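The lines below spell out each chain.
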Amino acid sequence: MLSPLEADIWQRDRALPGLATVLDPKALLRGLTNVLPEVDVKTLRVTYVRHKLGRRCTVTYAADAGGGTLGFFATAYSTDRQGKLRRAREQPGVPGPFGPGRVVLEELCIVVTFFPNDSRLVALPLLRTAESRKQI
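Residues numbered from 1 in each chain as written. Predicted model: local features only at pLDDT ≥ 70, side-chain atom pairs only at ≥ 80, totals over all residues. Heavy atoms only, no water.

**Some words on the packing of aromatic side chains**
The way to describe two aromatic rings as a pair is by their centre distance and the angle between their planes. Scanning the model with the defined rule gives two aromatic pairs in all. Seen from their ring centres, Tyr61 and Phe72 are 5.4 Å apart, and the 15 degrees between their planes marks the pair as stacked. Here Tyr61 is found in strand E2 (residues 56–65), whereas its partner Phe72 is found in strand E3 (residues 68–77), with 11 residues between them in sequence. Residue Tyr61 is classed as buried on the basis of its relative accessible area of 1%. By relative accessible area, which is 3% here, Phe72 ends up buried. Residues Phe72 and Phe114 carry aromatic rings whose centres are separated by 5.5 Å and whose planes lie at 50 degrees to one another, so their mutual orientation is tilted. Residue Phe72 is found in strand E3, and its partner Phe114 is found in strand E5 (residues 110–114); the two are separated by 42 residues along the sequence. Judged on exposure class, the residue Phe72 and its partner Phe114 are both buried. Joined through ring pairs, the aromatic side chains of Tyr61, Phe72 and Phe114 make up one cluster. (Phe/Tyr/Trp six-rings, centres within 6.5 Å; stacked < 30°, edge-to-face > 60°. Helix = DSSP H or I, 4+ residues; strand = E, 2+ residues; numbered from the N terminus. Buried < 20%, exposed > 50% of the residue type's maximum accessible area, 1.4 Å probe, protein only.)

**Regarding the environment of Pro17**
With respect to the helices, strands and loops of the structure, Pro17 is situated in the loop between helix H1 (4–12) and helix H2 (19–23). On the basis of relative accessible area, Pro17 is assigned to the partly exposed category, the value being 32%. Spatially, the C-alpha atoms of Pro17 and Cys109 are 6.7 Å apart, while their sequence positions differ by 92 residues. Other than its neighbours up to four places away in sequence, Pro17 contacts Tyr77, Thr79, Leu108 and Cys109. (Contact = heavy atoms within 4.5 Å.)

**Observations concerning the sheet that holds E5**
Spatially, five strands are ordered E1-E2-E3-E5-E4 in an open sheet, and the strand pairing comes out antiparallel. Whereas interior strands pair on both sides, the edge strands pair on one side only; in this sheet they are strand E1 (41–52) and strand E4 (102–105). This sheet shows a mean twist of 20 degrees between the axes of neighbouring strands, independent of strand direction. Bridge analysis of E2 against E3 gives 10 bridges, and the strand direction is antiparallel. (Pairing = 2+ DSSP bridges. Axes fitted to C-alpha atoms, helices over the stretch in contact; angles between N-to-C directions.)

**Things to note about the pairing of E5**
Extensive coverage of E5 is indicated by the burial of five of its five residues. Strand direction decides the pairing type here: E3 and E5, joined by five bridges, are antiparallel. Paired with Ala76 across the strands is Ile110, a residue of E5. Sheet analysis places E4 next to E5, joined by four bridges and oriented antiparallel. Bridge pairing in E5 places Arg102 opposite Thr113.

**Digging into the pattern of salt bridges**
This structure, assessed with the given rule, holds four salt bridges. Between Asp40 and Lys42 there is a salt bridge, with the nearest N and O atoms lying 2.9 Å from each other. What makes Asp40 partly exposed here is its relative accessible area of 49%. Between Glu106 and Arg89 there is a salt bridge, with its nearest N and O atoms 2.5 Å apart. Here Arg89 lies in helix H4 (residues 82–90) and Glu106 lies in the loop between E4 and E5, a separation of 17 residues in the sequence. The partly exposed category is assigned to Glu106, whose relative accessible area is 36%. (Salt bridge = Lys/Arg side-chain N within 4 Å of Asp/Glu carboxyl O.)

Here you go:
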């Protein structure tokens, strides 16, 4: 459930159809389990929020799953940023604990990116295995 502050932000920025979902851990978890039913996450915790009014909102999460904590981030885009969704669908990803490297929730204009995938940190996937870390 959204806090009063989060609900106020959502009300002010209607350009992002997925804003309320990325700000609400329970709603995001429901969206993820609809796409990835095998995901066994107990709880999600918001660890960071960056909001650019009318453009995007990125929320970093810590997921308690399988006896450990896994990190990922979800970004809600405005409906006029369809190129971001297309690139997320087309970009190859490194599979991780959740399966695919990223998931697109089309109807909400949300891209969920799982560790170690981050298009801005191109060397990050090299940290995934001990063998690839030796090469760095």
